[in-house]
Amino acid sequence: MAKKALVVEDDGNIAELLRLYLEKDGFEVYLAADGGVGVRLAKEVEPDLMLLDIMLPVKDGWQVCREVRQFSQVPVIMLTAKGETFDKVSGLEMGADDYIVKPFEVKELLARVHAVLRRSKGEEIPPEKKLSFDRLVINMDSYELIVNDRRVDTPPKELELLFHLASSPNRVYTRNQLLDEVWGFDYFGDSRTVDVHVKRLREKLEDVSDKWSLKTVWGVGYKFEVL
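Here's what I pulled together on the structure shown here.

Rules used in this analysis
Residues numbered from 1 in each chain as written. Predicted model: local features only at pLDDT ≥ 70, side-chain atom pairs only at ≥ 80, totals over all residues. Heavy atoms only, no water. Helix = DSSP H or I, 4+ residues; strand = E, 2+ residues; numbered from the N terminus. Expected span 1.5 Å × (residues − 1). Buried < 20%, exposed > 50% of the residue type's maximum accessible area, 1.4 Å probe, protein only. Arc of directions from axis to C-beta. Core = buried A, V, L, I, M, F, W, Y, C linked by side-chain atoms within 4.5 Å. Contact = heavy atoms within 4.5 Å. Axes fitted to C-alpha atoms, helices over the stretch in contact; angles between N-to-C directions. Left-handed = near helix turned anticlockwise from the far one by under 90°. Nonpolar A, V, L, I, M, F, W, Y, C, P; charged D, E, K, R; others polar. Pairing = 2+ DSSP bridges. Phe/Tyr/Trp six-rings, centres within 6.5 Å; stacked < 30°, edge-to-face > 60°. Lys NZ or Arg CZ within 6 Å of the ring centre and 35° of its normal. Polar contact = N/O pair within 3.5 Å; in protein donor to acceptor, adjacent residues only side chain to side chain. Salt bridge = Lys/Arg side-chain N within 4 Å of Asp/Glu carboxyl O.

Let's talk about helix α8 (residues 192-205)
Its 14 residues place the ends of α8 20 Å apart at the C-alpha level, agreeing with the 20 Å of an ideal helix rising 1.5 Å per residue. Taken together, the buried positions of α8 are occupied by Thr193, Val194, His197, Val198, Leu201 and Leu205. The buried residues of α8 occupy an angular sector of 125° when the element is viewed end-on, so they sit on one face. Residues Arg192, Lys199 and Glu203 are exposed on α8 and point more than 90 degrees away from its buried face.

What about the nonpolar core?
Generally speaking, nonpolar side chains in soluble globular proteins are found buried as a group. Leu136, Ile138, Leu145, Leu161, Leu178 and Phe224 are the most contacted members of the largest nonpolar core, which has 26 residues in total. Mapped by element, the contributors of at least two residues to this core are β7 (136-139), β8 (144-147), α6 (156-166), α7 (175-183), α8, β11 (212-217) and β12 (221-226). By residue number, the principal contributor to this core is α6, which donates six residues. When residues no more than four places from it in sequence are discounted, the contact partners of Leu145 are Leu136, Val137, Ile138, Arg150, Arg151, Val152, Thr154, Leu159, Leu162, Lys204 and Leu205. If you look at the next biggest cluster of nonpolar residues, it comprises 19 residues, including Ala32, Val45, Val64 and Val68.

Focus: the packing of helix α1 (residues 12-24) against helix α5 (residues 106-120)
Two numbers describe how α1 lies on α5: the axes approach to 11 Å, and their chain directions differ by 65°. Judged by the sense of rotation from one axis to the other, the crossing of α1 with α5 is right-handed. Two secondary-structure elements touch here, α1 through Leu18, Tyr21 and Leu22 and α5 through Val106, Leu109, Leu110 and Val113. Grouping the constituent residues of the contact of α1 with α5 by class yields seven nonpolar, no polar and no charged.

As for the pairing of strand β5 (residues 98-102)
Residues Asp98, Ile100 and Lys102 line the buried face of β5, whereas the alternating positions Tyr99 and Val101 sit on a face that is not buried. Here strand β4 (residues 76-81) runs beside β5; their pairing, made up of five bridges, is parallel. Across the sheet, the residue bridging to Ala81 is Lys102, located in β5.

Considering the packing of aromatic side chains
This model, assessed by the stated rule, comprises two aromatic pairs. Ring geometry for Phe133 versus Phe224: centroids 4.8 Å apart, planes at 55°, classification tilted. On the criterion of sequence distance, the pair formed by Phe133 in strand β6 (residues 130-133) and Phe224 in strand β12 is long-range, its members being 91 residues apart. With a relative accessible area of 22%, Phe133 lands in the partly exposed category. Of the residues examined, Phe224 reaches a relative accessible area of 0% and is grouped as buried. Pairing Trp212 with Phe224 gives two aromatic rings, centres 5.5 Å apart and planes at 20°, and the pair type is stacked. Taken together, the residues span a long stretch of sequence, with Trp212 in strand β11 and Phe224 in strand β12 at a distance of twelve residues. The pair formed by Trp212 and Phe224 is uniform in burial state, with each residue classed as buried. Ring pairing ties together the aromatic residues Phe133, Trp212 and Phe224, which thus form one cluster. Here Arg112 stacks its cationic end above the ring of Tyr99, 5.9 Å away from the centre of that ring.

Considerations on the side chain of Glu225
Structurally, Glu225 can be placed in strand β12. Polar contacts involving the side chain of Glu225 include one to the side chain of Lys223, which spans 3.1 Å. When neighbours within four sequence positions are excluded, Glu225 is seen to be in contact with Asn170, Lys211, Trp212, Ser213 and Lys215.

Regarding the pattern of salt bridges
Overall, the coordinates contain 14 salt bridges when judged by the stated rule. Across the pair Lys102 and Glu9 runs a salt bridge whose closest N-O atoms are separated by 3.1 Å. With a gap of 93 residues between them, Lys102 in strand β5 and Glu9 in the loop between β1 (4-8) and α1 connect regions that are remote in the sequence. Like Glu9, Lys102 is buried. Its salt-bridge partner being Lys157, residue Glu160 comes within 2.8 Å of it at the nearest N-O pair. Here Lys157 and Glu160 lie together in helix α6, a separation of three residues that amounts to about one turn. The class for Glu160 is buried, based on a relative accessible area of 19%. Here the residues in one salt-bridge network are Glu9, Asp53 and Lys102, joined through shared partners.

Written out as structure tokens, the structure is:
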């Protein structure tokens, strides 16, 4: 049975272009030209994937994403125009799985689509979803970081990065390995993305324990060191 994709986009030309790309890739495609219809179709159609524009009539993309997350965990890729303000961290915390900037290349669009579908099946999360260390708990079931018995607000990708490193204590990962294994091999960012996320994690974990630490291995990458 073909997977179902819901495209919520008020620009008719872009919507038809997305329909064409996705149908060629084997999807059954549904279109919505405003946020209200988008929410309704998400309930009725129960799509396997949702491409969601931010600037929409009736309800904007943020509101649609919030409402859809109340009844569905369908993978959501946000569509944003070049130059449009888009807070990636806020978008991910709101429930979006990825974003793509318009205009986009077909190859990039389809790569992101397949990446989020793989992640939605749990293919990138190891069987053990909770790790515990001295004064630190990383819980991927609830997506929580517990430091000194207190929950610390952490964006999903930061948490996934920490979990990935801590799943193999003392193993050194290069930046490119982390991009491949945490962000996905078809992620179109660069290695500085890893550095920024590690920096933010260190701010949360500084001086928590002398039994483990997030270490830089100069000229190579990073490791979660357990003493």
